[in-house]
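This is what each chain is made of:
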Amino acid sequence: MGNRREFLKRTLAAGLVVGSRALLASDRRRVFVAGFSHETNTFHPVRTASFGFAQVSRTPPVVWEDAGLTVIPGIHARPNGGGTIEEKPCREAMNRVLDSLRAAMPVDAVFLRLHGAMYAEGIGPAETVLVGEVRSLVGPKVPIACTFDLHGNIPACLAQFGDILVGLKTAPHTDGAQTADLAGRILLDTLAGKAHPVAYVLPIPMILQGEKAMTTAEPFRSLVEEARRIEREGVLGHESKILAATLFVGCAWTDSPDTGMSAMITADGSRGAARAAAVHLAHKIWEARHQFAFGCETAGLEEGVNRALAAKESTVFLTDSGDNVTASAPGDLPIVLRHLVERNVKSAVVAGINDAPAVNRCFEAGVGKSLALSIGATVETRFGPPLETEAQVVRLIENPRMAVVRIGEVEAILADGPMAFTDPRQFPPCGIDPLTRKIVVVKEGYLYAALTRIAPRYIMLLTPGAGDMRIESLTYTRRRKPLFPLDPSVSFDPEAAPAP
Ligand SMILES: [Zn+2]
């Protein structure tokens, strides 16, 4: 009995017990949860040399409540920076995650929160490599579930390592919780012996800006509907259920051999069914390839500002898409701010320019003071100089550290790191109600869902930067060839996909 008590103590100490069902600790299934995620922008001017680590903080899938699981939180590692990741820190980060798994073993299942667009020198698709290493640690019988953003570049070999592969279905993203729940539910059914998940990944030779594949616009909306239909109804000629069907848009700003779209399927018991579903969806995407276009209003800088000023809407959001922080661009370009200042635009705010030195100078000066500031272009120096200007400090914010300054009639929110304003709740601490300004500039591509809900109108500005939407003009050195539409004459037969 001593052993049992010891085991119970150890289990409870190691993990967080989920669910209220009265189970002996030794009867509870032990699920290890960890994370490793990044959308690497290889066009970012600076390589990423370190990671941040946290014990997994996100709440477990809601469907695990009352499931009698012991959740063992591992490490969640995230790169500190947007650019290509150096090999050594990436290996070290992978080892930290793997060490947290080793410390948790034996486990009955593994649940990994991934993104899918991480790229490291000497390693390549690091998230997939990690899943492979997790597989070799836990052996062939322990189910591995992984969740993804749909902007991941997914190699076909991932399906050899992971059993339950589930990505987001919406862009802009609104289904993070549902995605975790779907993967969590399949994992529960697997542990109960009610499901036998197998996965298949089919890369499609096509590269696309995420802004051309939005679920708020065609053709992507209908394609994702088709994936949902397959989850409900299965695929012709196969009896196995399709447990999860994900269409990956890919990340066009990660120059890697895996960059591009893909179909990722988790089927119950039949890899043939998973392949058939992937082939079916790949066909649909390929047929629609000429229809993908930006799913939102777009304009060049000057034209976008003209339209915003002339708009009947009281507020127009402008996204500085070339410097899109949510696509891991540096977020420090002052191009749009300079344009607004030079035109002496009234009632405009530029939200989130990454410039730590400028923020420090504002803190030194204090609220109400005016000072000569050099704004932006501290990291990204390829697209013009900083804005040298006289500015007045309007407000200082401690956490996150930001300074609101006024330059003529234009306000700018300076931040001490890349800062995407994606949610209306980020504005009040800055003393700004965005809906009282005519123009609100944020460093995004498409406008995030929470802002789209309040924005009377938005225009995506086709501005330069590491997130430049005009991918035809980017210099790719690692991408596979051919890829549509960069190589327009490419042919593709999904049926030729490898047998499972
Ligand atoms: Zn995404």
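Please read all numbers here as calculations on a predicted model, not as lab measurements. (Residues numbered from 1 in each chain as written. Predicted model: local features only at pLDDT ≥ 70, side-chain atom pairs only at ≥ 80, totals over all residues. Heavy atoms only, no water.)

Asker: Help me understand the layout of surface pockets, please; the structure alone is not making it clear to me.
Answerer: In this structure, the largest pocket encloses a volume near 1400 Å³. If you trace the largest pocket, you find 49 residues lining it, with H115, D149, H173, T326 and Y448 closest to the centre. Elements that contribute at least two residues to the lining of the largest pocket include exactly β4 (69–79), β5 (109–114), β6 (144–148), α5 (176–191) and α11 (449–452). Here the lining of the largest pocket is composed, by residue class, of 21 nonpolar, 19 polar and 9 charged. Both of domain 1 (2–291) and domain 2 (298–468) provide at least three residues apiece to the lining of the largest pocket. (1 Å grid on protein atoms, 1.4 Å probe; cavity = no way out; pocket = protein on both sides within 12 Å on 5 of 7 lines; lining within 4 Å. Points joined across faces, edges and corners; volume = space filled by probe spheres on them. Helix = DSSP H or I, 4+ residues; strand = E, 2+ residues; numbered from the N terminus. Nonpolar A, V, L, I, M, F, W, Y, C, P; charged D, E, K, R; others polar. Domains from an automatic or database assignment.)

Asker: I'm lost on the sheet that holds strand β9 (residues 242–248) in this one. Help?
Answerer: Read across the sheet, 3 strands follow the order β8-β10-β9 without closing on themselves; strand pairing throughout is antiparallel. Where the open sheet ends on each side, the last strands, each with one partner, are β8 (197–204) and β9. The average angle at which neighbouring strand axes cross in this sheet is 10°, direction not considered. Where β8 lies against strand β10 (residues 261–268), 8 bridges are found, and the strand directions are antiparallel. (Pairing = 2+ DSSP bridges. Axes fitted to C-alpha atoms, helices over the stretch in contact; angles between N-to-C directions.)

Asker: What's the story with the coordination of the zinc ion in this structure? I'm lost.
Answerer: Angles at a metal have ideal values that depend on geometry: 109.5 degrees with four tetrahedral donors, 90 or 180 degrees with six octahedral donors. At the metal site, the zinc ion is ligated by D149 (OD), D149 (OD), H151 (ND1) and H173 (NE2), and these contacts range over 2.1 to 2.5 Å. Viewed at the metal, the 4 donor atoms of the zinc ion are separated by angles of 56 to 144°, and the geometry they form is irregular. Mapping the donors of the zinc ion onto the primary sequence yields the spacing D-x1-H-x21-H. Neither residue differs from the other here; D149 and H151 are each classed as buried. (Donors = N, O, S within 2.8 Å, 3.2 Å for Na, K, Ca; no water. Tetrahedral: all angles 85-135°; square planar, octahedral: opposite > 155°, others 65-115°. Buried < 20%, exposed > 50% of the residue type's maximum accessible area, 1.4 Å probe, protein only.)

Asker: Is there a simple way to think about the domain arrangement of the protein in this case?
Answerer: When the parts come together, some accessible area is lost, and that loss is often what is quoted as the size of the interface. When its domains are assigned, the protein resolves into domain 1 (2–291) and domain 2 (298–468). Centre-to-centre, using C-alpha coordinates, domain 1 lies 34 Å away from domain 2. For the domain 1 and domain 2 pair, buried surface summed over both sides reaches about 1300 Å², with 58% attributable to carbon and sulfur atoms. Of all residues in domain 1, P45, E211 and W253 bury the most surface against domain 2, accounting for 36% of the area lost on that side. For the interface between domain 1 and domain 2, the tally reads 0 salt bridges. Where domain 1 packs against domain 2, one counts 7 residue pairs in polar contact (both at pLDDT 80 or more). Here the side of domain 1 that touches domain 2 is composed, by residue class, of 7 nonpolar, 8 polar and 2 charged. (Buried area = accessible area lost by both parts, 1.4 Å probe. Salt bridge = Lys/Arg side-chain N within 4 Å of Asp/Glu carboxyl O. Polar contact = N/O pair within 3.5 Å; in protein donor to acceptor, adjacent residues only side chain to side chain.)

Asker: Could you clarify how one ought to interpret the environment of E380 in this entry?
Answerer: Note on placement: E380 falls in the loop between β14 (370–375) and β15 (387–397). Residues E380 and A466 lie 86 residues apart in sequence; the distance between their C-alpha atoms is 8.4 Å. Sequence-distant contacts of E380, defined by excluding residues within four places in its chain, comprise P45, P330, D332, L333 and A466. Engagement of the side chain of E380 in a polar contact is seen with the side chain of R382, the distance being 2.7 Å. (Contact = heavy atoms within 4.5 Å.)

Asker: What should I look at first to understand the sheet that holds strand β11 (residues 298–299) in this one?
Answerer: The strands making up a sheet are joined through hydrogen bonds of the backbone, oriented either antiparallel or parallel. Spatially, the 9 strands line up as an open sheet ordered β11-β19-β12-β18-β13-β17-β16-β15-β14, and their pairing is mixed. The open sheet has two free edges, formed respectively by β11 and β14, since each of these has just one partner strand. The pairing of strand β12 (residues 316–320) with strand β19 (residues 458–461) spans 4 bridges and is parallel. In the sheet register, L318 faces β19, and the bridge partner there is I459.

Asker: Can you help me understand the nonpolar core in this one?
Answerer: In summary, soluble globular proteins display a tendency toward joint burial of nonpolar side chains. Residues M206, F220, I242, L247, W253, I413 and F421 are the most contacted members of the largest nonpolar core, which totals 76 residues. The dominant element in this core, judged by the number of residues it contributes, is helix α7 (residues 271–287), at 10 residues. There are two domains that each give this core at least three residues, and those are domain 1 (2–291) and domain 2 (298–468). Aside from chain neighbours lying at most four places away, what touches I413 is V349, V350, A351, G352, I353, M402, A403, V404, F421, C430 and I432. F32, F36, L114 and I144 belong to the second largest nonpolar core, which has 39 residues in total. (Core = buried A, V, L, I, M, F, W, Y, C linked by side-chain atoms within 4.5 Å.)

Asker: How should the confidence of the model for the protein be read in this particular structure?
Answerer: Close reading of the predicted structure is inappropriate where its pLDDT is low. Across the protein, pLDDT averages 94, with 95% of residues at or above 70. This model gives residues 1–15 a pLDDT under 50, and the stretch forms 14 contacts once residues within four places in sequence are excluded. (pLDDT = per-residue confidence, 0-100.)

Asker: How do you make sense of the environment of L396 when you look at a structure like this?
Answerer: Residue position: L396 is located in strand β15. You can call L396 partly exposed: its relative accessible area is 24%. Remark: the alpha-carbon pair of L396 and L414, spanning 18 residues in sequence, is separated by 9.6 Å.

Asker: Whenever I open this one, helix α6 (residues 220–233) confuses me. Can you help?
Answerer: Count 3.6 residues to each turn of an α-helix, and residues three or four apart come out pointing the same way. End to end, α6 covers 20 Å across 14 residues, agreeing with the expected 20 Å (1.5 Å per residue, within 8%). Along α6, the positions that sit buried rather than exposed are F220, L223, V224, E226, A227 and I230. Taken down its axis, α6 places every buried residue within 150° of arc, on the same side. Among the exposed residues of α6, those oriented more than 90 degrees off its buried face are R232 and E233. The first or second residue beyond α6 is G234, which carries a positive phi of 80°. (Expected span 1.5 Å × (residues − 1). Arc of directions from axis to C-beta.)

Asker: Could you clarify how one ought to interpret empty space enclosed by the protein in this entry?
Answerer: Unoccupied space between atoms shows up once a probe the size of one water molecule is rolled over them. Under the counting rule described, the total for this entry stands at 3 cavities of 30 Å³ or more. Considered as a void within the structure, the largest cavity measures approximately 100 Å³ in volume. The wall of the largest cavity is formed by 18 residues, among which G116, A117, M118, P125 and N153 lie closest to the centre. For the lining of the largest cavity, the leading source of residues is helix α3 (residues 126–138), giving 3 residues. Partitioning the lining of the largest cavity into residue classes produces 10 nonpolar, 6 polar and 2 charged.

Asker: Just checking my understanding: could you explain the packing of α6 against α7 for this structure?
Answerer: The packing of two helices is summarised by the inter-axis angle and the distance between the axes. At their nearest, the axes of α6 and α7 sit 10 Å apart, and the two run at 165° to each other. One way to sum up the angle between α6 and α7 is to call them roughly antiparallel. Crossing of α6 over α7 shows right-handed handedness. Contacts between α6 and α7 involve L223, E226, A227, R229 and I230 on the former and, on the latter, A277, H280, L281, K284 and I285. Looking at side-chain class alone, the contact of α6 with α7 contains 6 nonpolar, 1 polar and 3 charged residues. (Parallel < 35°, antiparallel > 145°, perpendicular 65-115°, else oblique. Left-handed = near helix turned anticlockwise from the far one by under 90°.)

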